[in-house]
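Geometric and topological summary
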Amino acid sequence: MSTRRIMLYAVVAFGLMAAGCAEVDDEDDAGAGSTTSIVADATTEADATDTGGTSEAADTGETSEPGDTTGGGADADAALAWALDYTGGSGGAAAGEPIKIGVASNASFFPEIEEGAEIAAEFVSEELGGVDGRPIQLETCLVVTAEDGATCGAQFANDDNIVLVVTGSMLAGNEDLFASVAGSKPAYVVDPVTVADYTATDAISYNTAALGAAMGGGLWLSEDVQPARAALVITDDAAGRGAITLLQPVLEDAGIELAPVFVPPTATAPEIESALRSIDPGPDDAILLGLFQQGCIAAYDALANLGIDATTQTVATTYACWGPRMQEHVANTGEPGLLPDGWYFANPLGYKLFGSDLESGLDTYTLAVEAAGAQEKMSVPGLAESFAALMSMTRHLNAVDGDYSFATLDAEIRGFTGPAMLQAGPIACGAPPLFTGVCSTRVSIHRYVDGDWEDVRTGDDLIDISPVVMQEG
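A brief report on the enclosed structure follows. (Residues numbered from 1 in each chain as written. Predicted model: local features only at pLDDT ≥ 70, side-chain atom pairs only at ≥ 80, totals over all residues. Heavy atoms only, no water.)

Okay, the nonpolar core next. Of all hydrophobic cores here, the largest spans 121 residues; its most connected members are Y206, I272, W343 and Y365. Ranked by size, the runner-up nonpolar core spans 15 residues in total, among them C152, V165, V181 and A187. (Core = buried A, V, L, I, M, F, W, Y, C linked by side-chain atoms within 4.5 Å. Buried < 20%, exposed > 50% of the residue type's maximum accessible area, 1.4 Å probe, protein only.)

Set out below in structure tokens:
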């Protein structure tokens, strides 16, 4: 089987896994609605809730206080100044005729794309002067089927007031959407999911999403941990079986035996416990979890029942499992700290969404999310990526000085070399021959242990996945 075919199969697998990891939230939308200054609101809230924690930069090896998810106490003025510099905004509230951005997503199942975009649009319009002084207006469109992708694409393409399209968390319709807007509207993908996202020529993303996390995690395990065996608990579906195609050659090249065990996507703790017993991981084996967030919660309970201590044995998963549902479950068990003690998390953003970090844009994200009253959603996969995407698109719209033609704006977006908000490492769009739709190649590894974050592979030591994505087919 060719390298290209293997990797494209892996794309499908991990795209589906990423979708499975998304947080389905029944709570009220976290969108706009504030009528007062975002900075004033967030500053007041930070003053009221700051506990004197010592949150520090996410990629320097320093740690945050246990339970500090937002770094309350970050300097709101500094966060606003960073945002103005990043977007090139004039500051203050925007006025006049709105500038429209199309947003297509499967919001009925994965609302985070729209929610993150709404929070960013309000923040930009109320505090950063909008785009050339004009407020941002989002035109949303629901995509569930391939036909929906074509319909939404045609709607966006035929609306002269829509200047670009942002999309994400779509399991179908991606290719049809891109084809419909090709040559008329630039398309940006918040979180690549399908083959069409990763191999697109009419859309790009500054984020490698779950595929990047998987590749980075595999490379880290083979380079740094080098266990004799890796016991992988993974869903028994197309995503899980495709994941084996990606991980097995990476680990085998490093002399690591991969021992997969498949569980239902809805596996309970007893089912995962039984699966682990069947492969009997020893104390020197690494345990990998290729599960969505509910599966990670079940695995957490199964590991506890088996007496497996992640502070002495390697347990690794992706950033999809550090979300609020996991945090709530850990709290309900009575374990101190925010997340499972000792677990490693592979993260394609390169920056964790906990603590305080001005230079990555995390403090700005925190400021806006707190003002929207959505603090509990900060670590939900997709929300931060969507917010950062709208901020980056605002930057590009301001940079073209009113020339919103496809040629000018598309060249501006594709020509960006970073640093991008909440995305570590260089940006190089169109460089990887295998994955033409993604523009980043760095992944970080973080560990939550003893109530603190340990930044394992961050900063100048990020995992470089370009040896994989730069392959010719």
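In the structure shown here, the tally under the stated rule is 11 salt bridges. Between E115 and K377 there is a salt bridge, with its nearest N and O atoms 3.3 Å apart. Taken together, the residues E115 in helix α4 (residues 112-127) and K377 in the loop between α13 (362-371) and α14 (383-399) connect sequence positions 262 residues apart. You'll find E115 and K377 in the same group, each marked buried. D461 serves as the salt-bridge partner of R457, at 3.1 Å between the closest nitrogen and oxygen. According to the relative accessible area criterion, D461 is partly exposed, its value standing at 39%. (Salt bridge = Lys/Arg side-chain N within 4 Å of Asp/Glu carboxyl O. Helix = DSSP H or I, 4+ residues; strand = E, 2+ residues; numbered from the N terminus.)

In this section: the sheet that holds strand β4 (residues 187-189). Strand order across the open sheet formed by 4 strands is β2-β1-β3-β4, with parallel pairing between neighbours. A single partner strand is all that each edge strand has here, and the edge strands are β2 (136-142) and β4. Taking each pair of neighbouring strands and ignoring which way they run, the sheet shows an average axis angle of 25°. Bridge analysis of strand β3 (residues 162-168) against β4 gives 3 bridges, and the strand direction is parallel. Residue T167 lies in a different strand from β4, and its bridge partner there is V189. Relative to β3, α14 is tilted by about 155°, and along the sheet it contacts β1 (99-105), β2, β3 and β4. (Pairing = 2+ DSSP bridges. Axes fitted to C-alpha atoms, helices over the stretch in contact; angles between N-to-C directions. Contact = heavy atoms within 4.5 Å.)

The next thing to look at is the state of the cysteines. Per the stated rule, a full pass over the model turns up 3 disulfides. With its sulfur 1.9 Å from that of its partner, C141 forms a disulfide with C152. Looking down the S-S bond of the C141 and C152 bridge, the torsion is -80°, so its handedness is left-handed. Linking C141 in strand β2 with C152 in helix α5 (residues 146-157), this pair joins segments that are 11 residues apart in sequence. Each sulfur of the disulfide joining C429 and C439 lies 2.2 Å from the other. When the S-S torsion is 110°, as for the bridge of C429 with C439, the disulfide is right-handed. One end of the pair, C429, is in the loop between α15 (406-414) and β10 (442-449); the other, C439, is in the loop between α15 and β10, and 10 residues separate them in sequence. Just as C429 is buried, C439 falls in that class too. (Disulfide = S-S within 2.5 Å.)

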